[in-house]
Amino acid sequence: MYFDHAATTPIRQVARDAWLAASEFLNPAGQYAAGRAANRALSEAREAVASLLDCEPIEVIFTGSGTEADNLAIQGLFRQSELSRVVSTEIEHPAVLETVAALGADVAMLPLTDGRVSSFEPLAEPAALATCMWANNETGILQPVHELVEAAGQTPVHVDAVQAVGHIPVSFASLGATTLAASAHKFGGPRGVGILLARRSGLAPTLYGGGQQRGIRPGTIDVAGAVATAAALREAVAEIDTEQARLSELRDRLRAGIELIDGAVIHSTGDLLPGHLHVSFPGAEGDSLIMLLDMLGVAASTGSACASGVNRASHVLLAMGVPEEVARGALRLTLGRTTTSDEVEFLLAHLGGIARQAREAGMAI
Ligand code: PLP
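Labelled according to an unreviewed UniProt entry, the protein appears under the name Cysteine desulfurase, originating from Corynebacterium hindlerae. As its UniProt record puts it under Catalytic activity (unreviewed entry), the protein is described as follows: "(sulfur carrier)-H + L-cysteine = (sulfur carrier)-SH + L-alanine". Comment text from UniProt for the protein, heading Sequence similarities (unreviewed entry), reads "Belongs to the class-V pyridoxal-phosphate-dependent aminotransferase family. NifS/IscS subfamily."

## Describing the overall build of the protein
Scanning the protein from N- to C-terminus turns up 12 helices and 12 strands. The C-alpha atoms of the protein give 21 Å as radius of gyration, which agrees with the globular expectation for 365 residues (21 Å, within 12%). Projected onto the principal axes, the alpha-carbon positions of the protein cover approximately 65 × 50 × 35 Å. Within the protein, residue pairs in contact and separated by at least 24 positions form 71% of the contacts whose partners lie at least 6 positions apart.

## Looking at the site of the ligand
Lining the immediate environment of the ligand, one finds 13 residues, of which Gly-66, Thr-67, Asp-160, Ser-183 and Lys-186 sit closest. In this structure, Ser-183 approaches the ligand through a side-chain N or O atom, which is 2.6 Å from an oxygen atom. Taking 390 Å² as the accessible area of the ligand by itself, protein coverage stands at 88%. Here the residues of the shell around the ligand sort into two nonpolar, eight polar and three charged.

## Points about the packing of aromatic side chains
Taken as a whole, this structure holds zero aromatic pairs when the rule is applied. For the cation-ring pair, Arg-199 lies above Phe-172, with the distance from its terminal atom to the ring centre recorded as 4.6 Å.

## Points about the domain arrangement of the protein
For the protein, the domain assignment lists domain 1 (13-236) and domain 2 (240-363). Between domain 1 and domain 2, the C-alpha centre-to-centre distance is 28 Å. Taken residue by residue, the interface counts 25 residues in domain 1 and 21 residues in domain 2. Carbon and sulfur atoms supply 59% of the area that domain 1 and domain 2 bury against each other, a total of about 1800 Å² over both sides. Contact with domain 2 buries area across many residues of domain 1, yet Glu-138, Thr-139 and Leu-142 alone supply 33% of it, more than any other trio. Between domain 1 and domain 2 we count nine residue pairs in polar contact (both at pLDDT 80 or more) in total.

## A short note on the sheet that holds strand E2 (residues 85-88)
What the seven strands build is an open sheet, ordered E1-E9-E8-E7-E6-E2-E3; its pairing is mixed. Each end of this open sheet is capped by a strand with a single partner; those strands are strand E1 (60-63) and strand E3 (106-109). Taken over all neighbouring pairs, the strand axes of this sheet differ in orientation by 20° on average, direction set aside. Direction of pairing for E2 relative to E3: parallel, over a ladder of four bridges. When the sheet's bridge partners are listed, Val-86 is paired in E3 with Val-107.

## Some words on the nonpolar core
Formed by 59 residues in total, the largest nonpolar core has its most connected members in Trp-134, Val-165 and Leu-180. Of all hydrophobic cores here, the second largest spans 26 residues; its members include Leu-254, Leu-277, Leu-293 and Leu-335.

## So, the environment of Gly-270
Looking at where Gly-270 falls in the secondary structure, it is placed in the loop between strand E10 (265-266) and strand E11 (276-280). Taking the relative accessible area as the measure of exposure, Gly-270 reaches 65% and is therefore exposed. In the structure, Gly-270 is positioned 130 residues away from Gly-140 in sequence and 9.6 Å away in space, judged by C-alpha atoms.

## Some remarks on the environment of Ser-88
Structurally, Ser-88 can be placed in strand E2. Sequence spacing of Ser-88 and Met-109 is 21 residues, and the spatial spacing of their C-alpha atoms is 5.0 Å. In this view, Ser-88 contacts Val-96, Val-100, Val-107, Ala-108, Met-109, Leu-110 and Thr-131; residues no more than four positions away in its chain are not counted. Within the local environment of Ser-88, its side chain forms a polar contact with the backbone oxygen of Thr-131, the two atoms lying 3.4 Å apart.

## So, the packing of helix H2 (residues 33-53) against helix H7 (residues 223-238)
Each pair of packed helices can be described by the angle between their axes along with the distance between the axes. Close contact between H2 and H7 brings their axes to 9 Å; oriented N to C, the two are set at 30°. Considered as vectors, H2 and H7 are oriented roughly parallel to each other. Crossing handedness for the pair H2 and H7: left-handed. Contacts from Ala-38, Ala-41, Leu-42, Ala-45, Ala-48, Val-49, Leu-52 and Leu-53 of H2 reach H7 at Val-223, Ala-226, Val-227, Ala-230, Leu-233, Arg-234 and Val-237. Residue classes in the contact of H2 with H7 are distributed as 14 nonpolar, no polar and one charged.

Cut-offs used in this document
Residues numbered from 1 in each chain as written. Predicted model: local features only at pLDDT ≥ 70, side-chain atom pairs only at ≥ 80, totals over all residues. Heavy atoms only, no water. UniProt positions renumbered as here; feature names shortened; annotations may be inferred. Helix = DSSP H or I, 4+ residues; strand = E, 2+ residues; numbered from the N terminus. Rg over C-alpha atoms; globule rule 2.2 N^0.38 Å. Contact = heavy atoms within 4.5 Å. Near = heavy atom within 4 Å. Polar contact = N/O pair within 3.5 Å; in protein donor to acceptor, adjacent residues only side chain to side chain. Areas by Shrake-Rupley, 256 points an atom, 1.4 Å probe, with all protein chains shown as cover. Nonpolar A, V, L, I, M, F, W, Y, C, P; charged D, E, K, R; others polar. Phe/Tyr/Trp six-rings, centres within 6.5 Å; stacked < 30°, edge-to-face > 60°. Lys NZ or Arg CZ within 6 Å of the ring centre and 35° of its normal. Domains from an automatic or database assignment. Buried area = accessible area lost by both parts, 1.4 Å probe. Pairing = 2+ DSSP bridges. Axes fitted to C-alpha atoms, helices over the stretch in contact; angles between N-to-C directions. Core = buried A, V, L, I, M, F, W, Y, C linked by side-chain atoms within 4.5 Å. Buried < 20%, exposed > 50% of the residue type's maximum accessible area, 1.4 Å probe, protein only. Parallel < 35°, antiparallel > 145°, perpendicular 65-115°, else oblique. Left-handed = near helix turned anticlockwise from the far one by under 90°.

Spelled out as structure tokens, the structure:
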């Protein structure tokens, strides 16, 4: 039973079929018939992604991951600017958090209330860029990215939409951001393909090579990966309405059951992605919860990256003001297109007992 769809979601059959059919394409830069055929398939994939995310085909850059898309955007915007100030949030994914930290910039953090950006005041001063996620990968809380872009004025904005694309409607044109990152494996595409949307203006190169993809992401393009990504995105976007309704109903059922468990704390509140539920069982260690669930055949995560095997409280929960002891008992359950109501009922039947067992095991020092 898979409750870790936010980490990665199983590949869609349409994406596998599309990948296999495109896997024999040669280099799309080749100036002969086989190169032109590969380039045609690549252009069609680019056009499909552009139409599904409401942008120009030229704005679509295929990368090797969401992490790479975040890096190219943030480093590229920073290098483009003469300013050394950056605006961000404390709840970003490490792909953004660490990239921002590595710039050596003055970083101003946007204030949060209940895990959501609640003031744009740091945007009043000029900055090289502002970067904010569309939806948090741990809590699923949606951020006010449209208002943020508006408040940023002339400051370029990068939006990490890795958790949002394929799950809620995304229009790059109406968002008005300068750059946006997505990742194919979060919506049923192959792992190892990211998408960077970048307006024609203002993104300095940070990688050098053969000049492919406007020189922003040079290197021979993975045509099969791009074709499979477009196929997965097409299916994901077509299912958004029905999956949003189905998953939020399952998530609400799960939340209602968890609320009855002694001491349970719910972190996912307010405007949310449909499939996320981040909770804590204070007095339990997140790792113990995961291990006990694994023994039952349930895959879930604590939501926070685990550094060299040491269970650390999530930086997201700490930034939300959650006490460390509560944050350490975190469990992130994320639902997706394979999740059934039987699985939710199975989980609910066992979760109370698991929380008790994990509490009895106690906390690591
Ligand atoms: N940004 C967010 C919000 C994510 O959730 C993730 C992956 O978990 C990433 C970036 C990184 O994406 P990728 O795994 O494709 O590198």
